[in-house]
Amino acid sequence: GEDVEQSLFLSVREGDSSVINCTYTDSSSTYLYWYKQEPGAGLQLLTYIFSNMDMKQDQRLTVLLNKKDKHLSLRIADTQTGDSAIYFCAERPTGSSASKIIFGSGTRLSIRP
Amino acid sequence: DVKVTQSSRYLVKRTGEKVFLECVQDMDHENMFWYRQDPGLGLRLIYFSYDVKMKEKGDIPEGYSVSREKKERFSLILESASTNQTSMYLCASINPAGANVLTFGAGSRLTVL
């Protein structure tokens with residue numbers, strides 16, 4: 001079945017780069033997403049990548065997609081305390097309805113001074 | 001900006017009580033969702049609705065029901081709350097154009113004693 005996997009925790013030093021990794025199982029996924037959840041809040045879309053792209057960059061965020069290995073990563077450059085949050089990877093398989101957006105378990109990013 | 005509003009942010013209920021969680025969106029989206037979020041389990045889909053009075057079961061519908069009488073409002077109902085329904089509940093609606101981005105409410109944290 002479809003599954004999205006992420007490690008549960010990541011700790012980085014302030015100013016370093018954070019790399020959050022995700023693997024997915026459905027090779028036909030059209031869109032892959034990164035959502036951010038700050039404490040006490042709902043999820044907010046950070047960025048997404050279409051399956052025919054390998055990379056997408058948006059300011060401090062870089063998304064890399066390796067379709068062969070079904071691996072998605074989110075790199076946050078110059079990590080700040082405001083980046084402390086839970087980051088969810090999600091995929092939408094090809095031809096599926098919106099109800100079939102599948103989320104990973106989330107990676108909790110903590111920042112060390 | 002799409003806004004999804006969950007009116008109850010924190011609720012404490014007793015076992016056996018009936019619980020209503022309300023969600024309202026202001027962008028005329030047809031599709032709305034209720035997810036449950038538990039640590040280490042990510043988001044699990046409870047129910048979704050693709051139109052007024054239409055609903056479909058998600059992955060974990062047991063113990064829940066929903067109501068969609070108006071397009072902008074999607075309610076989650078726990079007929080008889082149980083302690084294992086203590087969780088964070090997230091409502092979302094979706095923009096059907098383009099990348100199918102989900103917009104989430106801030107969440108309703110329910111504790112059942």
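Residues numbered from 1 in each chain as written. Chains lettered and ligands numbered in written order. Predicted model: local features only at pLDDT ≥ 70, side-chain atom pairs only at ≥ 80, totals over all residues. Heavy atoms only, no water.

1. Digging into the overall build of chain A
Then, in step 1: Looking only at helices and strands, one finds zero helices and eleven strands in chain A.
Then, in step 2: Across its three principal axes, chain A shows a C-alpha extent of roughly 45 × 30 × 20 Å.
Then, in step 3: Classification of the 113 residues of chain A by burial places 47% in the buried group.
Then, in step 4: About 5,500 Å² of surface is accessible on chain A, with carbon and sulfur atoms providing 48% of the total. (Helix = DSSP H or I, 4+ residues; strand = E, 2+ residues; numbered from the N terminus. Buried < 20%, exposed > 50% of the residue type's maximum accessible area, 1.4 Å probe, protein only. Areas by Shrake-Rupley, 256 points an atom, 1.4 Å probe, with all protein chains shown as cover.)

2. Re the pattern of salt bridges
Then, in step 1: Evaluation of the coordinates by the stated rule reveals ten salt bridges over all chains.
Then, in step 2: In this structure, Asp69(A) and Lys68(A) form a salt bridge, with 3.6 Å as the shortest nitrogen-oxygen distance.
Then, in step 3: When its relative accessible area of 74% is taken as the criterion, Lys68(A) is described as exposed.
Then, in step 4: Here Arg73(B) makes a salt bridge to Glu22(B), at a shortest N to O gap of 3.5 Å. In this pair, Arg73(B) is assigned in strand S9 (residues 73-78) and Glu22(B) in the loop between strand S3 (19-21) and strand S4 (23-25), connecting sequence segments 51 residues apart.
Then, in step 5: For Glu22(B), a relative accessible area of 24% puts it in the partly exposed group. (Salt bridge = Lys/Arg side-chain N within 4 Å of Asp/Glu carboxyl O.)

3. Quick look at the side chain of Lys36(A)
All names here are of chain A.
Then, in step 1: Tracing the backbone shows Lys36 in strand S4 (residues 29-37).
Then, in step 2: Judged by relative accessible area, which is 12%, Lys36 ranks as buried.
Then, in step 3: A polar side-chain atom of Lys36 sits 3.2 Å from a polar atom in the side chain of Glu38.
Then, in step 4: Not counting residues up to four positions away in its chain, the partners in contact with Lys36 are Gly42, Leu43, Gln44, Leu46, Gly82, Asp83, Ala85, Ile86 and Tyr87. (Polar contact = N/O pair within 3.5 Å; in protein donor to acceptor, adjacent residues only side chain to side chain. Contact = heavy atoms within 4.5 Å.)

4. Some details on the environment of Pro93(A)
All names here are of chain A.
Then, in step 1: By secondary structure assignment, the location of Pro93 is in strand S9 (residues 85-93).
Then, in step 2: For Pro93, a relative accessible area of 4% corresponds to the buried category.
Then, in step 3: Counting along the chain gives 66 residues from Pro93 to Ser27, while the straight-line C-alpha distance between them is 7.9 Å.

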